[in-house]
Amino acid sequence: MDLDDIAARLGIPVEDVDRVHRLAGDLPSAPLPAKADAPAILARLAVRPDDTAEIMAGWPDPDSPLWTPELRWLLDRSIALVRADLGGYDWLPPGPELPRERGPAWRHLYVYAYLALVDVVRGYHRAHGIADAVSWVTLADLGRNLAIDRRMHGEGWPVMQAWLTLHARGGVYELGRLQHQRGDDAIGLHIPETGPLTPEAIEASLDEARAFFPRHFPDERYTSFSCGSWLLDPQLLEYLPEDSNIARFQRRFELEPYEEPEGIDADVEVLRFVFRTLTTPLDQLPRRTVLQRAVVDHLKAGRHWRWRRGHFPI
């Protein structure tokens with residue numbers, strides 16, 4: 001198909017289509033699981049029944065009128081794009097942001113791509129001796145993020161569609177309380193929405209990672225754990241008790257000198273993670289916790305949060 005025609009039919013810039021074409025080229029894609037098997041797979045991926053119903057309603061059956069030739073092209077080439085970087089651990093948008101209000105095929109195109117890659121990445125895991133239990137708990141971040149997106153009325157997915165390609169390429173692993181991202185010489189730490197950030201849970205997760213990466217990636221040498229997050233902003237300590245979980249998490253890190261992060265608005269990220277909304281006026285946000293009150297009071301005072309990076313030795 002002509003790339004200009006694909007872009008016009010999808011209603012997106014031709015540059016976005018060209019990027020997919022350039023990165024995927026004629027590389028092999030991967031098939032979706034059989035439709036009959038999909039509900040069981042979605043359950044293992046912790047996808048909620050309401051999201052499962054939407055995904056199944058938009059399933060790309062060969063005769064589905066929902067799936068135009070340009071949508072099928074984008075699905076196939078997005079799968080190939082991600083598969084081509086199997087084993088990669090850098091940020092990788094799988095394709096352009098789509099107008100998701102146009103229906104389930106548009107809304108969940110990158111979910112179908114993820115499903116097609118489940119067996120691919122599990123094969124990568126097996127080749128590295130990674131237990132199936134770790135594979136499934138890691139890949140189940142799909143269900144968690146779909147539930148978050150539903151809570152955010154669709155505001156969350158543009159970030160999540162790129163984030164989940166780390167899971168689909170073997171770049172990130174959920175080990176206890178934290179997710180651990182492979183890197184050049186540091187293991188990147190991510191904090192899923194799975195419960196309290198207690199020092200005990202953090203240390204147990206770090207201990208798992210200290211054993212996991214030398215065992216399964218012996219050719220990679222890591223000297224530190226790193227994290228980039230608004231959670232490392234020292235301004236939080238103006239509001240939170242010294243013995244709070246966030247304060248104790250911060251104290252693990254040696255902060256790098258502050259630089260304005262490219263493409264990240266810390267105020268937006270704080271609202272995304274603390275309130276799961278990007279559009280609710282400050283006066284209407286809940287104030288049930290110390291953290292919620294801190295975020296709102298800081299922003300209402302005309303101040304801004306900062307995205308900070310830090311590290312500590314393994």
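Everything that follows concerns the structure shown earlier in this document.
So, a few notes on the structure that sits alongside this text.

1. Focus: the overall build of the chain
Scanning the chain from terminus to terminus reveals 14 helices and six strands. Taken over C-alpha atoms, the radius of gyration comes to 20 Å for the chain, in line with the 20 Å a tight globule of 314 residues would show. When the backbone C-alpha atoms are referred to their principal axes, the chain occupies close to 60 × 50 × 35 Å. Taken across its 314 residues, the chain has 52% of its residues classed as buried. Considering only intrachain contacts with a sequence separation of at least 6, the fraction spanning at least 24 residues in the chain is 70%.

2. Describing helix α14 (residues 290-300)
For α14, the set of buried residues is Leu291, Gln292, Ala294, Val295, Val296, His298 and Leu299. On its buried face, α14 sits against α12 (245-250) and α13 (266-275). Note on α14: the residue one or two positions beyond its end, Gly302, has a positive phi of about 85°.

3. Structural notes on the sheet that holds strand β2 (residues 178-181)
Taken in spatial order, the six strands line up as β1-β2-β3-β4-β6-β5 in an open sheet, and their pairing is mixed. This sheet does not close on itself; its edge strands, each paired only once, are β1 (172-175) and β5 (254-255). Both β1 and β2 contribute to a ladder of four bridges, which runs antiparallel. For Leu175, the partnering residue across the bridge sits in β2 and is Leu178.

4. Thoughts on unusual backbone geometry
Despite not being glycine, Ala46 shows a phi value in the positive range, around 60°. Positionally, Ala46 belongs in the loop between α3 (38-44) and α4 (49-57). For His153, which is not glycine, the phi dihedral falls at a positive 55°. Relative to the elements of secondary structure, His153 occurs in the loop between α9 (141-151) and α10 (157-168).

5. A word on the layout of surface pockets
Estimates place the volume of the second largest pocket at around 200 Å³. Lining the second largest pocket are Asp51, Glu54, Glu97, Arg100, Arg107, His108, Leu146, Asp149, Arg150, His153, Gly154 and Pro158. For the lining of the second largest pocket, the secondary structure elements donating two or more residues are α4 and α9. Counting residues per element, the lining of the second largest pocket draws most heavily on α9, which supplies three residues.

6. Some remarks on the pattern of salt bridges
In total, this model carries 25 salt bridges according to the counting rule given. Ionic pairing is found between Asp18 and Arg22, a salt bridge with its closest N-O pair at 3.9 Å. Of this pair, Asp18 and Arg22 both sit in helix α2 (residues 14-24), four residues apart, roughly one helical turn.

7. Points about the pairing of β2
The two faces of β2 match: Leu178 and His180 on one face and Gln179 and Gln181 on the other face are all buried. In textbook terms, the turn of a hairpin is the stretch between consecutive antiparallel strands, and for β1 and β2 this stretch comprises two residues, one of which, Gly176, has a positive phi near 70°. Between β2 and strand β3 (residues 186-190), which follow one another and run antiparallel, lie four residues.

8. Some thoughts on empty space enclosed by the protein
Counted by the stated rule, this structure contains one cavity of 30 Å³ or more. What lines the largest cavity is Val82, Pro94, Tyr110, Ala113, Tyr114, Leu117, Trp157, Gln161, Leu164, Thr165 and Ala168. Those elements that provide at least two residues to the lining of the largest cavity are α7 (109-127) and α10. Grouping the amino acids of the lining of the largest cavity by side-chain chemistry returns nine nonpolar, two polar and no charged.

9. What about helix α1 (residues 3-10)?
Every buried residue belonging to α1 is among Leu3, Ile6, Ala7 and Leu10, and all of these are buried. Buried positions in α1, seen along its axis, are confined to an arc of 95° and lie on one side of it. In this fold, the buried residues of α1 make contact with α2, α5 (69-84) and α6 (104-107). Where α1 terminates, the next one or two residues include Gly11, which has phi positive at roughly 70°.

Rules behind the numbers
- Residues numbered from 1 in each chain as written.
- Predicted model: local features only at pLDDT ≥ 70, side-chain atom pairs only at ≥ 80, totals over all residues.
- Heavy atoms only, no water.
- Helix = DSSP H or I, 4+ residues; strand = E, 2+ residues; numbered from the N terminus.
- Rg over C-alpha atoms; globule rule 2.2 N^0.38 Å.
- Buried < 20%, exposed > 50% of the residue type's maximum accessible area, 1.4 Å probe, protein only.
- Contact = heavy atoms within 4.5 Å.
- Pairing = 2+ DSSP bridges.
- 1 Å grid on protein atoms, 1.4 Å probe; cavity = no way out; pocket = protein on both sides within 12 Å on 5 of 7 lines; lining within 4 Å.
- Points joined across faces, edges and corners; volume = space filled by probe spheres on them.
- Salt bridge = Lys/Arg side-chain N within 4 Å of Asp/Glu carboxyl O.
- Nonpolar A, V, L, I, M, F, W, Y, C, P; charged D, E, K, R; others polar.
- Arc of directions from axis to C-beta.

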